[in-house]
There are 2 protein chains.
Amino acid sequence: VIMAGGSGTRFWPLSRRRRPKQLLALGDSDLTMLAATVRRIRPLAKIEDLYVVTGAAIVDDVARLVPDALVDNILAEPFGRNTAPCVGWAALRVRRRDPRGIMAVLPADHVIGDEEAFREVARRAVRACEGGALATIGVTPSRPETGYGYIELGEELSAGVHRAERFVEKPDRATAEAYVRGGSHVWNSGMFFFRADAILAEIERQMPELHAGLEEIDAAAGRDDEADAVRTVYGRIAGQSIDYGIMEHAREIVVCPGRFGWDDVGSWAAAYEMRRGSADGRGNVAEGDLVVCDAEGCLAWTEPRKLVALVGVQDVIVVDTEDALLVCSRGQVQKVKDVVEQIAARRRDDVL
Amino acid sequence: VIMAGGSGTRFWPLSRRRRPKQLLALGDSDLTMLAATVRRIRPLAKIEDLYVVTGAAIVDDVARLVPDALVDNILAEPFGRNTAPCVGWAALRVRRRDPRGIMAVLPADHVIGDEEAFREVARRAVRACEGGALATIGVTPSRPETGYGYIELGEELSAGVHRAERFVEKPDRATAEAYVRGGSHVWNSGMFFFRADAILAEIERQMPELHAGLEEIDAAAGRDDEADAVRTVYGRIAGQSIDYGIMEHAREIVVCPGRFGWDDVGSWAAAYEMRRGSADGRGNVAEGDLVVCDAEGCLAWTEPRKLVALVGVQDVIVVDTEDALLVCSRGQVQKVKDVVEQIAARRRDDVL
């Protein structure tokens, strides 16, 4: 189950409401992040076993990016309600085919450098949840990142499978450094593995209203009014993430640590970091032609490509599209969402 | 005589070889600087008395911007050879109609805020050169500008007409401040007034090779081989400015001081300064829509217009065109010409 929702604010102006992050080629290949996610999991799953959950507004764009055989397996959410309803709805579909069918829930907007290493961990996670546990993949931290959640590893239940001792929200710098030194914390990757019946049972226990809504949707499955039922239920339920809503308080939760060049590329600064290897001698990176005079630490991204000249600027991110241009200090990329809010307040939907 | 040559490097990427500064609307109106120059001088000159000297590469663009009656008075230089040959060639044309005809030589890339005040000074300069003197307009300095040349005012020969005591190259800051305090120095505006015979006599005295070349061109005037003669002579002569080549060592040179909101808009930083009055509360100026988060002192210029968002950047100039984009520290605009050189070295003539 590939989760391909998302609002497209953090990568504005490249990302838009109709073209959120997962439809961009932000990784190190020309593939969109969604297409790369499909390709990455294909050795582990038959094509007809893949599902994509996405937003109704971009369902046509998603359909163009996935193999034809997958088009009937796209679930279009009428509104974004975070990941818990998304996972629950997909679980209904899997349960209809096999209640004990194992789901891998994979965000479509992650970059993974070593795909085979990733699949090794995924196979381990599949085995770990066969008995009914909820499993998550934890990434061995390569730096004291303060932008991710962490999971504390507990007792090792079998080779490479630990009890999840505790979920930790984004830590401060000192705490993150201690985690990296200590070696018993991993990044919460947001990738989950569980049997359909197991996750639905946890949803019933921890989020009974969502569960009731899901059963309504399931009852309408295949009927003419299925889309209406989905819309009614989504209109009523609260948004909640699968992490906070379910995983952190689940009865039996295990974590499979691994290291496979994972990044969730959460901002333009992260996109810059990912490309540092291709920088010039002063840390400038470009998608497109670049001319530099006394500039350093900059990222220039133009679509369509044009020549960019940087003169005397440091740590600046430049993103140029046909109708909008962003020039942003690399240390202040989190404010890009404020820009998007300002544009929305001006009712400039044409550039959102 | 409007001098509309120029190479189009300092305002790259808006200015190009085929669209140098004088063909841009860098002033505070929608007129190109050339069209504004024509409009400004019209109350003082009959249309058939105007001449425009420009480069062969842009002669068609120039012809589109000037009144139809002026098209036959465009002199197209085959190569740029600075201002002395340009003035000399125009003087030949004037001499053919009236050897004592008075020429006003006006660069096409200046901004003038108070046009009537300018014309008052120009009328004074015309009177000052009737007896054969070379006259120049000096601008009373409004700030200790280190980017302009200065002229020291000598004895006042008649009301508002001084002997030019000395030409001074671009001074350092302390010297410029002393000039402004002292009140006896004016900016060299690069606008000159003289009789055709007077300037040609000075050219003959100070630049005999140029004078010989000019006489060759004059001998071919109106003949089929006129363009060939111009090309041959221009191919042979050295480039030299009218200031250094003639004015600074002329026998009788006077200066008419005035203040009329003059600027030569020599860089993107100057274009920013000119627009400061329309800046937001933090000194940001835009041609086009602008969204700002913690940015200050910036200029955003887009052609065609697009939305620009500035986040966390200070004193940055952003100039966006269809095929090239410049992001430049406002304090380093002089390096824009290095960018143009780099682009030329890469043989990217498409963006020059």
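Here, every reference points to the structure presented above.
Everything quoted here is computed from the prediction, not taken from an experiment.

Enquirer: Sorry, what's going on with the sheet that holds strand β13 (residues 290-293) of chain B here?
Expert: Within a beta sheet, neighbouring strands are joined by backbone hydrogen bonds and run either parallel or antiparallel to one another. One open sheet holds the 6 strands; their spatial order is β12(A)-β14(A)-β16(A)-β17(A)-β15(B)-β13(B), and the pairing between them is mixed. Here the strands that pair on one side only, and so sit at the sheet edges, are β12 (285-287) of chain A together with β13 of chain B. Neighbour-to-neighbour, the strand axes of the sheet open up by a mean angle of 5°, direction not taken into account. Sheet topology note: the β12 of chain A/strand β14 (residues 299-302) of chain A ladder contains 3 bridges and is parallel. Looking at β14 of chain A, one finds that V285 of chain A is bridged to L299 of chain A. In the packing of helix α10 (residues 268-275) of chain A onto the sheet, contacts are made with β12, β14, β16 (316-320) and β17 (324-329) of chain A, and the angle to β14 of chain A comes to roughly 105°. Here helix α11 (residues 336-345) of chain A sits on the sheet in contact with β17 of chain A together with β13 and β15 (307-311) of chain B, set at roughly 140° to β13 of chain B.

Enquirer: Sorry, what's going on with the pairing of strand β10 (residues 253-258) of chain B here?
Expert: In the case of a regular strand, side chains alternate between the two sheet surfaces. Residues and elements named next belong to chain B. Burial analysis of β10 places 6 of its 6 residues in the buried class, which makes it a mostly covered element. Across the two faces of β10 the burial is the same, with I253, V255 and P257 and V254, C256 and G258 all buried. Taken together, the 6 bridges between strand β6 (residues 134-139) and β10 define a ladder with parallel strand orientation. If you follow V139 over to β10, its bridge partner there is G258. Pairing of strand β8 (residues 161-168) with β10, which is carried by 2 bridges, proceeds in the antiparallel orientation. Of the residues in β10, the one forming a bridge with H162 is V255.

Enquirer: Any chance you could explain the packing of helix α3 (residues 83-97) of chain B against helix α6 (residues 196-206) of chain B here in plain terms?
Expert: Relative placement of two packed helices is described by the angle separating their axes and the distance separating the axes. Residues and elements named next belong to chain B. The geometry of α3 relative to α6 is characterised by a closest axis approach of 9 Å and an angle of 135° between their N-to-C directions. Put simply, α3 runs oblique to α6. In the packing of α3 onto α6, the handedness of the crossing is left-handed. Contacts between α3 and α6 involve V87, G88, A91, L92, V94 and R95 on the former and, on the latter, A196, I199, L200 and I203. When grouped by side-chain class, the residues that make up the contact of α3 with α6 number 8 nonpolar, 1 polar and 1 charged.

Enquirer: I'm lost on the nonpolar core in this one. Help?
Expert: Within soluble globular proteins, side chains that are nonpolar tend to cluster in buried spots. Residues and elements named next belong to chain A. With 43 residues, the main nonpolar core has L34, F118, F193 and F260 as its most contacted residues. Of the residues forming this core, the biggest block, 6 residues, is contributed by helix α4 (residues 115-128). What F118 contacts, discounting residues up to four positions off in sequence, is R40, I41, L106, I112, I137, M191 and F260.

Enquirer: Would you mind showing me how to read the interface of chain B and chain A here?
Expert: Note on interface size: it is often stated as the accessible area lost on association of the parts. Facing the 37 residues of chain B at the interface are 37 residues of chain A. Carbon and sulfur atoms make up 61% of the area that chain B and chain A hide from each other, which totals about 2,900 Å². Taken together, chain B and chain A are joined by 6 salt bridges. As a salt-bridge pair, K335 of chain A and D294 of chain B come within 2.5 Å of each other at their nearest N and O atoms. For the pair chain B and chain A, the number of links is 24 residue pairs in polar contact (both at pLDDT 80 or more). Elements with a contribution of two residues or more to the side of chain B that touches chain A: β13, β15, β16 (316-320), β17 (324-329) and α11 (336-345) of chain B. The element that contributes the greatest number of residues to the side of chain B that touches chain A is β17 of chain B, accounting for 6 residues. Looking at the side of chain B that touches chain A, its residues break down into 21 nonpolar, 6 polar and 10 charged. By the bridge criterion, 5 bridges tie β17 of chain A to β15 of chain B in an arrangement that is parallel. Among the inter-strand pairings, A324 of chain A is bridged to a residue of β15 of chain B, identified as L307 of chain B.

Rules used in this analysis
- Throughout, residues of each chain are indexed from 1 in the direction in which the sequence is written.
- Labels follow written order: the first chain is A, the first ligand is 1, and so on.
- Reporting in this predicted model follows two pLDDT cut-offs: at least 70 for local features of residues, and 80 or more for side-chain atom pairs to be given and counted; totals over whole chains, interfaces and linings ignore these cut-offs and use all residues.
- In computing side-chain properties, one takes all heavy atoms of the structure into account and sets aside hydrogens as well as water.
- In this analysis, strands are considered paired if DSSP registers two or more bridges between them.
- Put simply, DSSP marks the helices as runs of H or I at least four residues long and the strands as runs of E at least two long, and each gets a number from the N terminus on.
- Helix axes use the C-alpha atoms of the stretch in contact, all axes being lines fitted to C-alpha atoms, and the angles between their N-to-C directions lie in the range 0 to 180 degrees.
- Throughout, a contact is declared for two residues whenever any of their heavy atoms are within 4.5 Å.
- Relative accessibility thresholds used throughout: buried, under 20% of the residue-type maximum; exposed, over 50%; partly exposed, between the two (1.4 Å probe, protein chains only).
- Angular relationships are summarised with four words: roughly parallel below 35 degrees, roughly antiparallel beyond 145, roughly perpendicular across 65 to 115, and oblique for the angles in between.
- Here a crossing is taken to be left-handed if its near helix is turned anticlockwise relative to the far helix by less than a right angle, and right-handed if that turn runs clockwise.
- The residue classification treats Ala, Val, Leu, Ile, Met, Phe, Trp, Tyr, Cys and Pro as nonpolar and Asp, Glu, Lys and Arg as charged. All others, Gly included, are polar.
- In plain words, nonpolar cores are sets of buried Ala, Val, Leu, Ile, Met, Phe, Trp, Tyr and Cys residues tied together by side-chain atoms within 4.5 Å.
- Accessible area that two parts lose when put together, with a 1.4 Å probe and added across both, is what the buried area reports.
- Salt bridges are defined by distance alone: a side-chain nitrogen of Lys or Arg within 4 Å of a carboxyl oxygen of Asp or Glu.
- Nitrogen and oxygen atoms within 3.5 Å of one another constitute a polar contact, given that in protein one can donate a hydrogen and the other can accept it, and given that sequence-neighbouring residues count only through two side-chain atoms.

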